[in-house]
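So you can see what is in the structure, the chains are spelled out below.
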Amino acid sequence: MATDISEKGFEKIIVDWIVEKNFFELGKNEDFNKNYAFDDGRLFRYLEDTQPQLVKEFHLNESEIERKKFLDKLDSKLSDDGIISIFRNGFKYRHGTFELYQNTPSEGNETAGEMYAKNIFSVTRQLHYTPRNNNSLDIVIFLNGLPLITIELKNNFTRQNVHDAIHQYMTDRNATDKIFNFKRCLVHFAVDDEEIYFCTKLAGKSSFFMPFNKGYNDGAGNPPNGGIKTDYLWKNILTKSELSDILENYAQIVIEKENRQKKYTQIFPRYHQLKVVEKLLTLAKNEGVGERYLIQHSAGSGKSNSIAWLAHKLVKLQKYGKKIFDSVIVVTDRINLDKQIKNTIGQFMQINSAYGWAKSSSELGNLLEQGKSIIITIVHKFQEVAKNIDESHKNKNFAIIIDEAHSSQNGSLAAKMNQVISGSNPDAEEEIEDKINAIIEGKKSAKNASYFAFTATPKNKTLELFGKILIDENGQEILNEDGTRKYIPHDVYSMKQAIEEGFILDVLKNYTPYKSYYHIVKTSVEEKFFDKKNANKILRRYADKHELAISEKAGIMVEHFYNNVRMKIKGKARAMIVTDGIKNAIDYFFAIQNEFAERKSQYKAVIAFSGEYDYHGKIYTEATLNNFPSSKIEETFREEPYRILIVADKFQTGYDEPLLQTMYVDKKLFDIKAVQTLSRLNRRAAYKNDTCVLDFVNEPNEIKKSFERYYKSTTLSGETDLNRLNELIENILSVEIFSDDDIENAVKIYLCDGERTELESLLNRCVEKYRLLDDDDKLEFKSTAKTFIRTYNFLSTIMPCSSSVWEKLSIFLTLLMKKLPTLKMESNEDGIIKNVNLENYRAVALETLSIALENENSILKPTSVSTAVSVPVPEPDSLTHILNEFHKLFGDFQWAQQPTTDTQIKNIFDQAREDSRVKNAIENSDEQNVRNEINRAVGEAVTLTFDNNGELYMAYYGDTKNKFGQKFKTWLNNIIFQSSYSAPIISKQI
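Residues numbered from 1 in each chain as written. Predicted model: local features only at pLDDT ≥ 70, side-chain atom pairs only at ≥ 80, totals over all residues. Heavy atoms only, no water.

What follows deals with the overall build of the protein. Each helix and strand counted, the protein has 40 helices and 35 strands in total. With an accessible surface of roughly 45,100 Å², the protein has 47% of that area assigned to carbon and sulfur atoms. (Helix = DSSP H or I, 4+ residues; strand = E, 2+ residues; numbered from the N terminus. Areas by Shrake-Rupley, 256 points an atom, 1.4 Å probe, with all protein chains shown as cover.)

In structure tokens form, the structure reads like this:
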């Protein structure tokens, strides 16, 4: 007999497994009550078995009338509250409460185990679900008679796949049928033999289906497994224990306000979220407290939910009936994560008694004392907590979840964090050596804490600190030739997979680099000489931030925003300008506002920066410029008329605004900063189909390299060489400005609360010796000392052995560096800038690129410990020659023709708008006639320019594109139409 490769055969394989291996009951169509969408026979059987007194009291086992009243009320409650709430909280009927689900028992609780076994899990094939027609669902999973999951199957053997199943849900399944009503079912799966998708809210063609796939080769899809690729669904997910876990610990209803209306979202975990939480729980349980784990999850992975679920489950994690962790501390830079975790945790436990948000170090200390189960704190507050935490905490166990580990795990912060949790802060009564030893031990990962570090972009230090040692299939370490280890993340959900699965957009798909041209003139009559080495950098930085350049770029940005951005995402699209510093941001703020004002535009800009800034003698904050509080920036930016957000270092990480569609970059970006900044655009939104980047500074190749480091899995190729610290120490000691006794005495005074005057006197003697050094030696000493402090702070957290000598030197150098005078090296900057002036500037769009990333894992080198200090040797040159060389690189532009072309284009504007037929059409006709008349008038005006400017004529009637990448004729006609028929929006920067 031939193998059954039909869809029915596929269906039989799944249902047989669920019944025979997962021990579900097999349901029948006649069991299903279409009026209520219940299997009411199993529902009442479950109630009689678990709550016989209530069943008897309300006559549910003997009166059809009472049963109907009960079902009517349950039907209504399910529609209002949903299946998750009913299963978690029970169902109040008259003066009684029915439990419609028995929870998973805790370890060793036999009574609860017996009650859990009374839950009825069942599966029905080809369920006819509606009284309106004969439509059927391929598979439906029930729990205690209530539908939990629906499944539509398709089969590649019959030339149908998962997307046909999705189409069937969207077009052939009516969301008004009770089984498809929002919240009545946990999830709807579309399944074929290769892929799985799911949806929690069916809404016709607006239904949003997400992949529930394992991922393959760090991308979308599922790996070959020797059988049906999707069999993990029925073998691992559709089991009693896994469905119970999802129902009790993952599934939730989120309520948000949108336009003052409540918006409900039902959350079901994606496959990788289930996998990472369960993997980390297993590791924590098997390996015990005191380990470190690195999770490389891309934007779009649902990291906030993963962290919340992990925190909730870590609190409950037990071994041999005893809790493993007393408290879970979530360390983050994202204040909005607090709200998300609070909402998630609040659905699983009593929020007030279990949860705390620490805005200050004292609050954190109090919450630890109170024994709160889950505490969230901002990373910068954690390092202050050492001042008011006592040793009592070393008797407790902690799980520390670190959000964006690379930014929160610098050496000194990691050390202070470890000291707090381990209770190893030095006591005032201890001897100096005891204090040193306590500090060293405190810097290492606390034995009473496990660390779970989440990041999309792991640095080499992060991999070495939290990563997993690379091993082969036999469990043996894979070492480099020099015997050093390699490190990898414990779990990966890659940027590649997030893009391919459609959870984030590819921000490099529409990337337009701009080439800047400058004409700088010398203002000094006499010739002056400067070091030519950094002259080009100085001149470019000066020119790029000049008000002429800012005005030109602001004009391009607003022009592009009007023509290409503002109507995207159904007219809600936003843009961000990334600037190089606060002054630059304020310059742009006023320039953009001026552009809007000239157009009589309804739109406004928002600015974001930290602290106060003295701008041309006036003190500004972001609040004074925006005219609303800083805390309202994110919320206000989503509202009209605010459309462009101008940032200086803020909102470049952790800012998730789906309406952000375009980014204008005027800041040099490297490595992680490039990835994090451009990735602000990648969040999905309804009707958001693409993104756009206009980059005035960076080279596309450098952006490509930055993204490739984190596109797939990242591996650290080796370990930091500890011996390099000795080389640094030799260089530091060679200048002989302090002795071993100086180190010992300074550290003793500092740690043992000695007299400050003694410490000042000792350090000042060292400073005087430093002043006697020549400039090269001063530079080398400061650079080497900084490298030692930075590297030792990191290495001290992972070193297998301790060194009090290194610790004392680190403390001493940290104190001494605060006292050393600032080096005043001869600089070109002031001199050059005082003697030049930017006469002209142009930014020209190059070809728009779709930057494709290599499909390879990234290999990072270990932390570099450089002992070489580069002392610059000046190369003097005349300012005239410096400017000539600069213009060869950045000034090759036809400056002479530009004013003529500008003037003629403006004349064309005036002629077209004053044309009598155009005026008549504007007053008396419709939009299309106005456009036709303007196109005619513009064409006539351009023709008149032929004798004076053939290039302008050819650009208009040929196939030339303008600086915005548009066909010049289309752009000119559109901009004149917009300025004449709607609001006047002609730009001064044509």
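Attention shifts here to the sheet that holds strand β17 (residues 374-378). Strands sit in the order β16-β17-β15-β18-β19-β12-β22 across an open sheet of 7 strands; the sheet is parallel. The open sheet has two edge strands with one neighbour each: β16 (355-358) and β22 (491-493). Averaged over all pairs of adjacent strands, the angle between strand axes in this sheet comes to 15°, irrespective of strand direction. Note: strand β12 (residues 292-297) against strand β19 (residues 449-455), 5 bridges, orientation parallel. Residue pairing for β19: I295 is matched across the bridge by F454. Taken strand by strand, helix α10 (residues 271-287) contacts β12, β19 and β22, and its axis lies near 170° from that of β12. With respect to the sheet, helix α11 (residues 303-316) is in contact with β12, β15 (327-332), β17, β18 (398-403) and β19, its orientation differing from that of β18 by roughly 180°. (Pairing = 2+ DSSP bridges. Axes fitted to C-alpha atoms, helices over the stretch in contact; angles between N-to-C directions. Contact = heavy atoms within 4.5 Å.)

With the rule as written, the count across this model stands at 52 salt bridges. Between D16 and K12 there is a salt bridge, with the nearest N and O atoms lying 2.6 Å from each other. Note that D16 and K12 are positioned in helix α1 (residues 7-20) at a spacing of 4 residues, about one turn of the helix. Looking at D16, the relative accessible area reads 24%, which means it is partly exposed. Between R936 and E940 there is a salt bridge, with the nearest N and O atoms lying 3.2 Å from each other. Of the two residues, R936 and E940 both sit in helix α38 (residues 927-943), 4 residues apart, roughly one turn of that helix. In this structure E940 comes out as partly exposed when scored by relative accessible area, which is 43%. Beyond isolated ion pairs, a larger network of salt bridges with shared partners links E25, D31, D39, R42 and R45. (Salt bridge = Lys/Arg side-chain N within 4 Å of Asp/Glu carboxyl O. Buried < 20%, exposed > 50% of the residue type's maximum accessible area, 1.4 Å probe, protein only.)

A word on α38. A rise of 1.5 Å per residue sets the reference length of α38, with its 17 residues, at 24 Å; its end C-alpha atoms lie 25 Å apart and thus fit the reference within 8%. Every buried residue of α38 is accounted for by V930, E933, I934, R936, A937, V938, G939, A941 and V942. (Expected span 1.5 Å × (residues − 1).)

In this structure the tally under the stated criterion is 3 cavities of 30 Å³ or more. Space inside the largest cavity adds up to approximately 50 Å³. M495, I499, I504, L505, D506, V507, L508, S679, N682, F707 and L853 together form the lining of the largest cavity. In terms of residue class, the lining of the largest cavity is built from 8 nonpolar, 2 polar and 1 charged. (1 Å grid on protein atoms, 1.4 Å probe; cavity = no way out; pocket = protein on both sides within 12 Å on 5 of 7 lines; lining within 4 Å. Points joined across faces, edges and corners; volume = space filled by probe spheres on them. Nonpolar A, V, L, I, M, F, W, Y, C, P; charged D, E, K, R; others polar.)

Below, the discussion takes up unusual backbone geometry. The amide bond that connects E640 to the next residue, P641, takes the cis arrangement and shows omega of 5°. Along the chain, P641 turns up in the loop between α26 (633-637) and β29 (642-647). Phi angles above zero are rare outside glycine, and A37 is one such case at about 60°. Its location among the elements puts A37 in the loop between β1 (25-26) and α2 (40-50).

Of all hydrophobic cores here, the largest spans 128 residues; its most connected members are F70, F189, F212, L314 and F452. Ranked by residue count, the leading element in this core is α10, at 7 residues. Leave out the neighbours within four places in its chain, and F452 touches L280, A284, Y293, I295, L310, L314, F325, A399, I400, I401 and I402. Core analysis: the next-biggest nonpolar cluster, separate from the first, contains 56 residues, I592, L694, V836 and Y841 among them. (Core = buried A, V, L, I, M, F, W, Y, C linked by side-chain atoms within 4.5 Å.)

Before going further, it helps to spend a moment on the packing of aromatic side chains. The full count for this structure, using the stated rule, is 48 aromatic pairs. With 5.9 Å between their ring centres and 85° between their planes, F189 and F268 make a pair best called edge-to-face. Here F189, found in strand β7 (residues 187-191), pairs with F268, found in the loop between β11 (261-267) and α10; they are 79 residues apart in sequence, far enough to count as distant. With respect to burial, F189 and F268 carry one shared label: buried. The structure contains a cluster of three or more aromatic residues connected by ring pairs, namely F44, F58, F70, F91, Y93 and F98. The ring of F44 has R67 lying over it, and the distance from NZ or CZ to the ring centre is 4.2 Å. Against the face of F182 rests K201, its NZ or CZ located 4.8 Å from the ring centre. (Phe/Tyr/Trp six-rings, centres within 6.5 Å; stacked < 30°, edge-to-face > 60°. Lys NZ or Arg CZ within 6 Å of the ring centre and 35° of its normal.)

What follows is about the sheet that holds β1. Strand pairs in the sheet, formed through backbone hydrogen bonds, run parallel or antiparallel to each other. Spatial strand order, β1-β4-β5-β6-β7-β8-β9: 7 strands in an open sheet with mixed pairing. Two strands in the sheet have a free side with no partner beyond their single neighbour: β1 and β9 (210-211). Direction of pairing for β7 relative to strand β8 (residues 196-199): antiparallel, over a ladder of 4 bridges. Paired with V191 across the strands is I196, a residue of β8.

Let us look at the packing of helix α31 (residues 756-771) against helix α33 (residues 804-819). Viewed as axis vectors pointing N to C, α31 and α33 meet at an angle of 70°, and their least axial separation amounts to 10 Å. Judged by the inter-axis angle, α31 sits roughly perpendicular to α33. Along the contact surface, α31 presents L759, E760, L762, L763, N764, C766 and V767, while α33 presents F812, L815, L816 and K819. Looking at the contact of α31 with α33, its residues break down into 8 nonpolar, 1 polar and 2 charged. (Parallel < 35°, antiparallel > 145°, perpendicular 65-115°, else oblique.)

This paragraph deals with the side chain of H887. Here H887 is to be found in helix α35 (residues 879-890). A polar side-chain atom of H887 sits 2.9 Å from the main-chain amide nitrogen of I520. Not counting residues up to four positions away in its chain, the partners in contact with H887 are Y518, H519, I520 and D892. (Polar contact = N/O pair within 3.5 Å; in protein donor to acceptor, adjacent residues only side chain to side chain.)

Across the interface, helix α21 (residues 535-544) lies against α35 with an axial gap of 10 Å and an inter-helix angle of 65°. It follows that α21 is roughly perpendicular to α35 by the angle criterion. The way α21 lies across α35 gives a crossing that is right-handed. Contacts from A535, N536, L539 and R540 in α21 reach I882, L883, F886, L889 and F890 in α35. Residue classes in the contact of α21 with α35 are distributed as 7 nonpolar, 1 polar and 1 charged. (Left-handed = near helix turned anticlockwise from the far one by under 90°.)

So, on to the side chain of N22. Mapped onto the secondary structure, N22 falls in the loop between α1 and β1. Given a relative accessible area of 9%, N22 falls into the buried group. Excluding its chain neighbours within four sequence positions, the residues that come into contact with N22 are W17, W234, L238, T239 and K240.

Time to look at the pairing of β17. Buried residues dominate β17, accounting for 5 of its 5 residues. Burial along β17 is two-sided: I374, I376 and I378 and I375 and T377, pointing in opposite directions, are all buried. Bridge count between β15 and β17: 5 bridges; the pairing is parallel. Bridging from a neighbouring strand, V331 pairs with T377 of β17. Judged from the 4 bridges that link them, β16 and β17 form a sheet pairing that is parallel. Counterpart to A358 in the pairing with β17 is T377.

This paragraph deals with the environment of S6. Of note, S6 is situated in the segment before α1. Linking S6 and F157, residues 151 residues apart in sequence, is a C-alpha distance of 7.0 Å. Excluding residues that lie within four positions of it along the chain, S6 makes contacts with N155 and T158.

Our focus in this paragraph is the pairing of strand β25 (residues 574-578). Here β25 lies mainly inside the structure; 5 of its 5 residues are buried. Alternating positions in β25 separate into two faces, R574, M576 and V578 on one and A575 and I577 on the other, with burial throughout. Judged from the 4 bridges that link them, β25 and β29 form a sheet pairing that is parallel. When the bridges of β29 are listed, A575 appears paired with I644.

Moving on, we come to α31. Helical geometry: 3.6 residues make up each α-helical turn, so side chains three or four residues apart lie on a common side. Here α31 contains 16 residues, and its C-alpha end-to-end distance of 22 Å stays within 8% of the 22 Å for a straight helix at 1.5 Å per residue. The set of residues buried in α31 consists of L759, L762, L763, C766, V767 and Y770. Here the buried residues of α31 occupy an arc of 140° about the axis, which is enough to place them on one side. If you follow the buried residues of α31, they end up packed against α30 (740-751), α32 (775-795) and α33. (Arc of directions from axis to C-beta.)

Read these as geometric descriptors, not functional statements.
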